[in-house]
Amino acid sequence: MSGDTPRISRQHLLAIYRQAREQFPGECCGFILGEGPDAELVQCDNVIDKYHRLDPESYPRTSANGYMLGVKDIRRLDDSFATEAPARVIYHSHPKVGAYFSDEDTEAAVTTGWSVDYLVVDVQETEVVEAILFRRQGDRYEQIARFDGEAV
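Values in this document were obtained by computation on a predicted structure and should not be read as measured data.

**Student:** I would appreciate a short explanation of the packing of aromatic side chains in the present structure.
**Tutor:** Remark: the centre distance and the inter-plane angle together describe each pair of aromatic rings, the angle taken between the planes. For the structure shown, the criterion picks out 6 aromatic pairs. Seen in terms of ring centroids, Tyr51 and Tyr59 are 5.2 Å apart; in terms of plane orientation they differ by 55°. Their pairing is tilted. According to the relative accessible area criterion, Tyr51 is partly exposed, its value standing at 25%. Taking the centre distance of 4.5 Å and the plane angle of 35° together, the rings of Phe101 and Tyr141 count as tilted. Placement of Phe101 in the loop between β3 (87–95) and α4 (103–112) and of Tyr141 in strand β6 (residues 140–150) is noted, with a sequence separation of 40 residues between them. A relative accessible area of 13% means that Phe101 is categorised as buried. For Tyr141, a relative accessible area of 10% gives the class buried.

**Student:** Could you clarify how one ought to interpret the layout of surface pockets in this entry?
**Tutor:** Where empty space is left in the structure can be found by rolling a water-sized probe over the atoms. Considered as a void within the structure, the largest pocket measures approximately 680 Å³ in volume. Going through the elements one at a time, β3 and α4 are the ones with two or more residues in the lining of the largest pocket. A total of 7 residues in the lining of the largest pocket trace back to one element, the largest contributor, which is α4. For the lining of the largest pocket, the per-class residue count stands at 17 nonpolar, 7 polar and 5 charged. Here the second largest pocket defines a volume of roughly 190 Å³. Every residue along the wall of the second largest pocket is listed here: Asp4, Arg88, Ala109, Val110, Gly113, Trp114, Ser115, Val116, Asp117, Arg135, Arg136 and Tyr141. Looking at the lining of the second largest pocket, its residues break down into 5 nonpolar, 2 polar and 5 charged.

**Student:** What exactly am I supposed to notice about the pattern of salt bridges here?
**Tutor:** A side chain with one charge may pair with a side chain of the opposite charge, provided their charged atoms come close. Inspection of the entire model under this criterion finds 9 salt bridges. Arg10 is paired through a salt bridge with Glu150; the nearest N and O atoms lie 2.4 Å apart. Placement of the pair is Arg10 in helix α1 (residues 10–23) and Glu150 in strand β6, with a sequence separation of 140 residues. Take Glu150: its relative accessible area is 26%, and that puts it in the partly exposed class. One connected set of salt bridges, linked through shared partners, spans Glu130, Arg146 and Asp148.

Criteria and cut-off values
Residue indices follow the written sequence of each chain, beginning from 1 at its first position. Since the coordinates come from a predicted model, pLDDT governs what is reported: local features require at least 70, and pairs of side-chain atoms require 80 or more to be given and counted, while whole-chain, interface and lining totals use all residues. Side-chain calculation: all heavy atoms of the structure are included, whereas hydrogens and water are not. Only centres within 6.5 Å qualify two rings of Phe, Tyr or Trp (six-membered ring in Trp) as a pair; their planes then separate them into stacked at under 30 degrees, edge-to-face at over 60, and tilted for everything else. Exposure is judged per residue with a 1.4 Å probe applied to protein chains only, and the accessible area is read against the type maximum: over 50% gives exposed, under 20% gives buried, and values in between give partly exposed. In DSSP terms, a helix is any run of H or I states spanning at least four residues, a strand is any run of E spanning at least two, and both are numbered starting from the N terminus. We place a 1 Å grid over just the protein atoms. Points where a 1.4 Å probe fits but has no way out form a cavity, open points with protein on both sides within 12 Å along at least 5 of 7 lines form a pocket, and any residue with an atom within 4 Å of a point lines it. Grid points are joined across faces, edges and corners, and a volume is the space filled by probe spheres set on the points. Gly counts as polar in this scheme, as do all residues outside two lists: the nonpolar Ala, Val, Leu, Ile, Met, Phe, Trp, Tyr, Cys and Pro, and the charged Asp, Glu, Lys and Arg. By salt bridge we mean one thing: a side-chain nitrogen of Lys or Arg within 4 Å of a carboxyl oxygen of Asp or Glu.

What follows is the structure, given as structure tokens:
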């Protein structure tokens, strides 16, 4: 890990893992504002199913293989960059398929242009296997940290 890799507290990591298990087999999502002991975990609702139901042609993915933050969450995340505690990490889970940064993840991350790292959680039927933190390197995202999973 490099010196500027965001530290994710054990408490926040376990909360993310619990959220991933609770929302399984759908993807969970959220973000972490700030750093250190004052960092705030913001668990978001994955609204992609709502958009898929309204317009499946424009939104072909469902929570089984995608996530989308709601408007209020996007606004809070975006507004955080002008504060003392900007978003440092955006996270989501990958149910049943492993923790990797997909082409869709890359496209969405590049499109937003937010300067954050991305945590992807490998959640399976009975446990969280691991979580991997990715950072943009040029036009792709590379692993910068790995966290052991939990049977939560």
